[in-house]
Amino acid sequence: MNELIRAVLENPQALITLGVLLLAIVLFVSGFLAPELTGLLSVSLLMATGVLSPQKALSGFGSPALITLMGLFAVSAALFKSGALDRLRELIASESIRTPRRLIAFLGFVVAPISGIVPNTPVVASLLPVIEAWCLKRNLSPSRVLLPLSFATVLGGTLTLLGSSVNLLVSDISQQLGYGSLELFSFTAIGVPIWLLGTFYLLFAPQRLLPDRGRDKSEFVGSPGQTGYFTEVTIPIDSELVGKSLHNSRLQRRFDVDVLELQRGKERFLPPLADRLIEPGDCLLLRVTRTDLLRLQQEHTVQLAKHSYRKDGDSGQQSDSFAGEGQKTVEVLLPAGSTLAGASLRELRFRQRHNATVLALRRGQQTVQERLGQAILREGDVLLLQAPVDSIRGLQASNDLLVLDQFENDLPTVSRKPIAIAIALAMILLPTLTSLPLVASVLLAVIAMVMGGCLRPAEVQRSIRLDVILLLGSLSSFSVAMQTTGLADAFARSLEYWLVGFPSYIALLVVFFLTTIFTQFLSNAASVALLAPVAVQLAPGMNLPPMALLMTVLFGASQSFLTPMGYQTNLMVFAPGRYRFLDVTRYGAGLTAMMTLIVPLLILWQYGGT
């Protein structure tokens, strides 16, 4: 420790770096600034004080790892948009998964490996409403299964280099330190046992560790107040839903849909509707997310009831005259003072008046039980419209409707699903079977997705998580500064002083545990940036290659099971599961202890040592 103090006091740049480091830790823990802003502030201070030149400080923004991650965001967006992972959602809602233990097994053995290829954050975002609907259907608390969802995707994220942004950051730091970048399957031999052991823990951990926090439907992610539109659809005679019950149909297994009413001729049926068989011509009143509504429209499983609010005297010719090319989908709001408020779509002759078709209606947190054409419009209502471009321009000039956004690019590309899957597989296989660099394979996959019609050029830009890119690009400057100023050496010598005489296993266990604790309160990316350059300095004294220490830090930062802040997916399920802080700690403590004991053994097995 004295050596560390002396190194800091004798080198002003080391003192400045330590000050910036402590400031960053305080900001990360307090949350006063967003993590990416904390990263940008840190790199700015390191440049402003002369610790790093702009070229060195900003080198992380042009690293192959960061470019790979940007491309991976786009590839993931194309996979989700094409419906490549829809089968997962349908399997979860099927009758074969009836108990929490079966669902957890599915999450561990099926969803987790997918998280080794597709970043786990969008996987959790896609499955959250499906699992909540599964819980609602079986009268179970979401708290019984949502933490296993998060933990399973975290376990799967260490199967390949593509599974997590932290993996790519470690690859970047490894290259900066002169040890070369990581390959696609560099740590798969360690990741597979960790995944399997972790999955068995999720399966056999006592159920009492997962509390029952209630089953309040109003708090579900898929509740109408948060994502729901209300619309009418009719069942065409050739629909795959004909002859099936709602309970067994893919309408509710694959999509986040609530059927609020079924109308058959003059008969009106209200919930429960699960066992009622669907017949051609049935009219359903749905609560549905915007994305799923556009998917249902494209797949022709149902037909949007576009004529439901036409007055009896209308011929309908005008309605169909623009149902073709040139259609755009927009969201419009009825602002305060709109003259449309207080009347129904039928009374307003909305289609004829605005040359636009109302697809759906959203009204705050209220449920709209009326048929779409009969619902009385109110100020604050949001309508989803389809109309020609000229009609949309006319709406933009109207004081009665405010165009909020244009969604024509949100239309899914389900017909391109085989192409998207083939491109993703090629992206993985090419670097494995040839000398093609991973970054080149990912960028080629992005171009192929666009050329294959799986993704539009504008969507490539929209798919990139700028907050993640800014955070990772800026944090890599810490590892450079710690190496340049000698702080990494000083920290390593101080830590080595305390670990002298201990076996390599104990030393790796300490490094793993320290990284894990850091990660619970900082971001995992920040933990890697701070500890990786320190850990590799311990390698000579432990008779291990530096890569063994890098892997210890990587897995320590990735196994985040103790706090909600430990990993982004933990935060994503925290509110929907109505968890309390210690719920995560209670359920994750055993898994953390198991990983702390096992990961060092696996690393020694992979890299040798005593």
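The notes below deal with the structure included here. All values reported here derive from a predicted model rather than from experimental measurement.

**A look at the overall build of the protein chain**
Assigned secondary structure in the protein chain consists of 29 helices and 9 strands. Pairs at least 24 apart in sequence give 80% of the contacts found in the protein chain among residues at least 6 apart. Accessible surface, the protein chain as shown: approximately 24,800 Å² in total, 60% of it carbon and sulfur.

**Describing the packing of helix 5 (residues 64-81) against helix 19 (residues 417-433)**
Relative orientation and spacing of two packed helices are given, respectively, by the angle between their axes and the distance between those axes. With their axes 9 Å apart at the nearest point, helix 5 and helix 19 run at an angle of 150° to one another. For the element pair helix 5 / helix 19, the angle class is roughly antiparallel. For the pair helix 5 and helix 19, the crossing hand works out as left-handed. Mapping the contact onto sequence places Leu 72, Val 75, Ala 78 and Leu 79 in helix 5 and Ala 420, Ile 421, Ala 424 and Met 427 in helix 19. When its residues are assigned to classes, the contact of helix 5 with helix 19 shows 8 nonpolar, no polar and no charged.

**Looking at helix 29 (residues 581-607)**
Here helix 29 spans 37 Å end to end across 27 residues, near enough to the 39 Å set by a 1.5 Å rise per residue. Within two residues after helix 29, Gly 608 carries a phi angle of roughly 85°, on the positive side.

**Thoughts on the nonpolar core**
Of all hydrophobic cores here, the largest spans 136 residues; its most connected members are Ile 131, Leu 202, Met 449, Val 528, Leu 549 and Phe 555. Those residues in contact with Leu 202 that sit more than four places away from it in its chain are Ile 104, Pro 148, Phe 151, Ala 152, Leu 155, Tyr 587 and Leu 591. With 24 residues, the next largest nonpolar core counts Leu 251, Leu 273, Val 302 and Val 382 among its residues.

**Some details on the pairing of strand 7 (residues 357-362)**
Buried residues dominate strand 7, accounting for 5 of its 6 residues. Note: strand 7 against strand 8 (residues 382-388), 5 bridges, orientation antiparallel. In the sheet register, Arg 362 faces strand 8, and the bridge partner there is Val 382.

**Details of the pattern of salt bridges**
Across all of its chains, the model carries 6 salt bridges by this definition. Arg 213 is paired through a salt bridge with Asp 583; the nearest N and O atoms lie 2.8 Å apart. Of the two residues, Arg 213 sits in the loop between helix 11 (188-204) and helix 12 (224-227) while Asp 583 sits in helix 29, which places them 370 residues apart along the sequence. Judged by its relative accessible area of 1%, Asp 583 is buried. Close ionic contact of Arg 586 with Asp 583 constitutes a salt bridge, the shortest N to O distance being 3.0 Å. Placement of the pair is Arg 586 and Asp 583 together in helix 29, with a separation of 3 residues, close to one helical turn. Under the relative-accessibility criterion, Arg 586 is labelled partly exposed at 39%. Through salt bridges with shared partners, a single ionic network connects Arg 213, Asp 583 and Arg 586.

**Side note on helix 9 (residues 146-156)**
For helix 9, the tally of buried residues reaches 11 of 11 residues, placing the bulk of the element in the interior. Those residues of helix 9 that fall on the buried side of the exposure criterion are Leu 146, Leu 147, Pro 148, Leu 149, Ser 150, Phe 151, Ala 152, Thr 153, Val 154, Leu 155 and Gly 156. On its buried side, helix 9 packs onto helix 7 (100-114), helix 8 (120-137), helix 11, helix 27 (546-558), helix 28 (568-574) and helix 29.

**A word on the pairing of strand 4 (residues 283-289)**
With 7 of its 7 residues buried, strand 4 lies for the most part within the structure. What you see with strand 4 is no split at all: Cys 283, Leu 285, Arg 287 and Thr 289 on one side and Leu 284, Leu 286 and Val 288 on the other are buried throughout. Across 6 bridges, strand 2 (residues 257-264) lies against strand 4 in antiparallel orientation. When the sheet's bridge partners are listed, Val 259 is paired in strand 4 with Leu 286.

**A few points about the packing of aromatic side chains**
Summed over all chains, the structure comprises 6 aromatic pairs. Here Phe 151 and Tyr 587 contribute two aromatic rings whose centre-to-centre distance is 5.5 Å and whose plane-to-plane angle is 20°, an arrangement assigned as stacked. Highlighted residues: Phe 151 in helix 9 and Tyr 587 in helix 29, separated in sequence by 436 residues. Neither residue differs from the other here; Phe 151 and Tyr 587 are each classed as buried. Taken together, the aromatic side chains of Phe 151, Tyr 201, Phe 561 and Tyr 587 make up a single cluster linked through ring pairs. The ring of Phe 269 carries the charged tip of Arg 276 above its face, separated from the ring centre by 3.9 Å.

**A short note on unusual backbone geometry**
Although it is not a glycine, Asn 355 sits at a positive phi angle of roughly 55°. The backbone of Arg 578 sits at a positive phi, close to 55°, despite the residue not being glycine. Its place among the elements puts Arg 578 in the loop between helix 28 and helix 29. Judged by its relative accessible area of 32%, Arg 578 is partly exposed.

**A look at the packing of helix 10 (residues 165-176) against helix 22 (residues 466-485)**
Packing of helix 10 against helix 22 leaves a shortest axis separation of 10 Å and a crossing angle of 35°. Of the two elements, helix 10 crosses helix 22, and the hand of that crossing is right-handed. Seen from helix 10, the contacting residues are Ser 165, Leu 169, Asp 172, Ile 173 and Gln 176; seen from helix 22, they are Val 468, Leu 472, Ser 476, Ser 479 and Val 480. For the contact of helix 10 with helix 22, a count of residues per class yields 5 nonpolar, 4 polar and 1 charged.

**Quick look at a nonpolar patch on the surface**
Taken together, the side chains of Phe 109, Val 110, Leu 196, Phe 200 and Phe 204 define a hydrophobic patch exposed on the protein surface, amounting to about 440 Å² of accessible area. Breaking the nonpolar patch down by element, the ones donating at least two residues are helix 7 and helix 11. Per-element accounting of the nonpolar patch gives the leading share, 3 residues, to helix 11. Within the secondary structure, Leu 196 sits in helix 11. Classification of Leu 196 as partly exposed rests on a relative accessible area of 31%.

Definitions and limits used
- Residues numbered from 1 in each chain as written.
- Predicted model: local features only at pLDDT ≥ 70, side-chain atom pairs only at ≥ 80, totals over all residues.
- Heavy atoms only, no water.
- Helix = DSSP H or I, 4+ residues; strand = E, 2+ residues; numbered from the N terminus.
- Contact = heavy atoms within 4.5 Å.
- Areas by Shrake-Rupley, 256 points an atom, 1.4 Å probe, with all protein chains shown as cover.
- Axes fitted to C-alpha atoms, helices over the stretch in contact; angles between N-to-C directions.
- Parallel < 35°, antiparallel > 145°, perpendicular 65-115°, else oblique.
- Left-handed = near helix turned anticlockwise from the far one by under 90°.
- Nonpolar A, V, L, I, M, F, W, Y, C, P; charged D, E, K, R; others polar.
- Expected span 1.5 Å × (residues − 1).
- Core = buried A, V, L, I, M, F, W, Y, C linked by side-chain atoms within 4.5 Å.
- Buried < 20%, exposed > 50% of the residue type's maximum accessible area, 1.4 Å probe, protein only.
- Pairing = 2+ DSSP bridges.
- Salt bridge = Lys/Arg side-chain N within 4 Å of Asp/Glu carboxyl O.
- Phe/Tyr/Trp six-rings, centres within 6.5 Å; stacked < 30°, edge-to-face > 60°.
- Lys NZ or Arg CZ within 6 Å of the ring centre and 35° of its normal.
- Patch = residues over 30% accessible without salt bridge, like charges linked within 9 Å, V, L, I, M, F, W, Y side chains within 5 Å.

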